[in-house]
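Below are the chains, spelled out letter by letter.
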Amino acid sequence: MFATFCPSFTDNEELRLVMVGMTGVGKSSLGNSIFGADFAPPKSEEGEGGIIKKFMRPFVSKSSSQSVTKTCRPVTTEVLGRRITVVDTPGFFDTKIPYWDTVREVSRCCLYVEPGPHAILLVIKIGRMTEEVIRSIGTMKMVFGSDCINYVCIIFTGADDLMRDESTIEEYIGDLDDKFKALINIECKLRFLAFNNTHKAGSKENKEQVRKFLELIDRTISDNKGKYYTNSMLEKASKIMYKDKEKKEREEKEHKNKLQELQNNEKKLQDEMVQLRKAREEDLQREKEEAKERELRMKEETEKKILEMGSKVSELEKQHILNQEKLQFERQVHESQKAAAAAEEKHRQELEMMMSKMRIVEAEQRNRERAFAEHANRNREVTELQMQLLRKEMAERDRESSCSVM
Ligand SMILES: Nc1nc2c(ncn2[C@@H]2O[C@H](COP(=O)(O)OP(=O)(O)O)[C@@H](O)[C@H]2O)c(=O)[nH]1
Ligand SMILES: [Mg+2]
């Protein structure tokens, strides 16, 4: 079930609240303002010359745009007679923070408010109601499930700016774009409040705004008929997203292995080509040396023959023998050149074959990469669709069960 019917909610029950919003909007300051409502320094320590006991702020707040709260931090205490747990969170939904880190932190923050928060405080700074806020609400719905909007209270910080301009929060909202008005008035059913975090802890003004805040939380609980947001929907959403992540990682691993295999093949082909070239060069060298040796041997043999003939043959006959030997040698050289040219041609053809094999391997690699990217996109779309269907189904079941209880 997305939300649990909780008929036994009483004013004594602990209020469980989660603050979300972008970095620097005033979440930690809001937590400090809430917990500072009851603060009163002991009378003996007050006054001139005495030590004025300071309010120890439970949350760290900084003016820099860097997120000070790195992980979720819960604080529980009594405020105006109510026991309250508030979880401060890092800059959720900041575009700078990786999506998976947000999911992990949201899951963690919900553990601090088991069995689930009565309200999700969406903190927005006055003057910073921008497109980014709309986008971050989209992310929030993805992470918490779209029905989480029923538990959202918008807290506008920086109400001191309105006071300075002699304006009101209603006037500020009235001047906003229609899409922002729809979010506040229709989606959040007017669950909003302006907060001035510059009021001193324990001051009358702070006490008054915290009282109004508690009224808003009570109204949220009553609007939801005592139900609170439960973590089971978040678990389901996370499970789907984790499954998707695992699948993606598995596919990426397979893709990497295939790529490695192709690269190994390419390397093997290149090595074979180098070996082939080396063998061919060695062959050519050997052939050259053999030809030289043959020429030398022939010369020696011819000279020997001439010596043997001695004076028996005329000068003319000697010349004829020499010409005959020379002709035979040239014929041999011609034959070996022909053989070398044939071997060269064979080698060229082998190289050409290798090159075309490599081109096929490269084309295969490109095709695989393209197919992988298309497949990953399709997966993302299907998962998104599954999540939407799941949320719809849960919302319907929820509606049915609340009708049957009523
Ligand atoms: N003037 C004014 N400054 C505020 C208010 N709330 C917060 N700030 C300032 O805004 C800055 C960021 O606040 P912080 O609580 O750290 O924001 P977080 O990152 O959302 O927790 C700090 O300098 C706060 O003093 C407010 O209501 N009025
Ligand atoms: Mg903070």
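Being a predicted model, the structure only gives us computed values, none of them experimental. (Residues numbered from 1 in each chain as written. Chains lettered and ligands numbered in written order. Predicted model: local features only at pLDDT ≥ 70, side-chain atom pairs only at ≥ 80, totals over all residues.)

**Points about the overall build of the chain**
Phase 1 of the analysis: Of the regular secondary structure elements, the chain holds nine helices and eight strands.
Phase 2 of the analysis: Counted over contacts in the chain with a minimum sequence separation of 6, partners at least 24 positions apart contribute 80%. (Helix = DSSP H or I, 4+ residues; strand = E, 2+ residues; numbered from the N terminus. Contact = placed C-beta atoms within 7 Å.)

**Looking at unusual backbone geometry**
Phase 1 of the analysis: Here the bond from Glu114 into Pro115 is cis, since omega is 0 degrees, no more than 30 degrees from zero.
Phase 2 of the analysis: The phi dihedral of Leu80 is positive, around 45 degrees, even though this residue is not glycine.
Phase 3 of the analysis: Look at Leu80 and you get partly exposed, because 13 C-beta atoms sit within 10 Å.
Phase 4 of the analysis: You will see that Lys189, though not glycine, has its phi angle at about 45 degrees, which is positive.
Phase 5 of the analysis: Its place among the elements puts Lys189 in the loop between helix 6 (178-187) and strand 7 (192-195). (Buried ≥ 20, exposed ≤ 12 C-beta atoms within 10 Å, placed from the backbone.)

**Notes on the nonpolar core**
Phase 1 of the analysis: Ranked by internal contacts, the top residues of the largest apolar core, which has 53 residues, are Leu17, Val18, Met19, Ile34, Ile120, Leu121 and Phe156.
Phase 2 of the analysis: The leading source of residues in this core is strand 5 (residues 119-125), at six residues.
Phase 3 of the analysis: Those residues in contact with Leu17 that sit more than four places away from it in its chain are Ile84, Thr85, Val86, Pro117, His118, Ala119, Leu121 and Ile217. (Core = buried A, V, L, I, M, F, W, Y, C linked by C-beta atoms within 7 Å.)

**A closer look at the pairing of strand 5**
Phase 1 of the analysis: The buried count for strand 5 comes to six of seven residues, which makes it a mostly enclosed element.
Phase 2 of the analysis: Note: strand 2 (residues 15-20) against strand 5, four bridges, orientation parallel. In the strand pairing of strand 5, Val20 is matched with Leu122.
Phase 3 of the analysis: Pairing of strand 5 with strand 6 (residues 152-157) involves six bridges; the strand directions are parallel. By the bridge assignment, Ile120 is partnered in strand 6 with Val152.
Phase 4 of the analysis: Taken together, strand 5, helix 3 (residues 131-144) and strand 6 form a β-α-β motif whose crossover is right-handed. (Pairing = 2+ DSSP bridges. Right-handed = clockwise from strand over helix to strand, strands pointing away.)

**Remarks on the pairing of strand 3 (residues 73-79)**
Regular strands have side chains that alternate between both faces of the sheet.
Phase 1 of the analysis: Note that strand 3 and strand 4 (residues 82-88) share seven bridges and pair antiparallel. Across the sheet, the residue bridging to Glu78 is Arg83, located in strand 4.
Phase 2 of the analysis: Adjacent in sequence and paired antiparallel, strand 3 and strand 4 are bridged by two residues, among which Leu80 carries a positive phi angle near 45 degrees.

**With respect to the sheet that holds strand 2**
Phase 1 of the analysis: What the six strands build is an open sheet, ordered 3-4-2-5-6-7; its pairing is mixed. Two strands in the sheet have a free side with no partner beyond their single neighbour: strand 3 and strand 7. Across the sheet, the mean angle from the axis of one strand to that of its neighbour is 25 degrees, orientation sign disregarded.
Phase 2 of the analysis: Here four bridges tie strand 2 to strand 4, and the two strands are oriented parallel to one another. (Axes fitted to C-alpha atoms, helices over the stretch in contact; angles between N-to-C directions.)

**Points about helix 7 (residues 204-223)**
Phase 1 of the analysis: For helix 7, built from 20 residues, the straight-helix expectation of 28 Å at 1.5 Å per residue is met to within 8% by its first-to-last C-alpha distance of 29 Å.
Phase 2 of the analysis: Turning to helix 7, its buried residues number three or more, namely Asn206, Val210, Phe213, Ile217 and Thr220. Take helix 7 and look down its axis: the buried residues cluster within an arc of 70 degrees, on one side only. Turned more than 90 degrees away from the buried face of helix 7, the exposed residues are Lys204, Glu205, Glu208, Arg211, Lys212, Glu215 and Ser222.
Phase 3 of the analysis: Where helix 7 is buried, its residues touch strand 2, helix 1 (27-35), strand 3, strand 5, strand 6 and strand 7.
Phase 4 of the analysis: One or two steps after helix 7, the chain reaches Lys225, where phi turns positive at roughly 50 degrees. (Expected span 1.5 Å × (residues − 1). Arc of directions from axis to C-beta.)

**Some thoughts on the confidence of the model for the chain**
Phase 1 of the analysis: This prediction gives the chain a mean pLDDT of 80; 83% of its residues lie at or above 70.
Phase 2 of the analysis: For residues 1-8, every residue scores under 50 in pLDDT, and the model assigns this stretch 30 contacts once sequence neighbours within four places are set aside. (pLDDT = per-residue confidence, 0-100.)

**Things to note about the environment of Gln332**
Phase 1 of the analysis: When you line up the elements, Gln332 lands in helix 9 (residues 315-405).
Phase 2 of the analysis: Classification of Gln332 by C-beta neighbours within 10 Å gives partly exposed; the count is 14.
Phase 3 of the analysis: Residues Gln332 and Ala291, 41 residues apart in the sequence, show an inter-C-alpha distance of 8.9 Å.

**Structural notes on the environment of Lys227**
Phase 1 of the analysis: Relative to the helices and strands, Lys227 resides in the loop between helix 7 and strand 8 (228-229).
Phase 2 of the analysis: C-alpha separation for the pair Lys227 and His118, spaced 109 residues apart in sequence, amounts to 7.4 Å.

**Observations regarding the environment of Glu114**
Phase 1 of the analysis: The topology assignment puts Glu114 in the loop between helix 2 (99-111) and strand 5.
Phase 2 of the analysis: Along the chain, Glu114 and Thr230 lie 116 residues apart, while their C-alpha atoms are 8.0 Å from each other.

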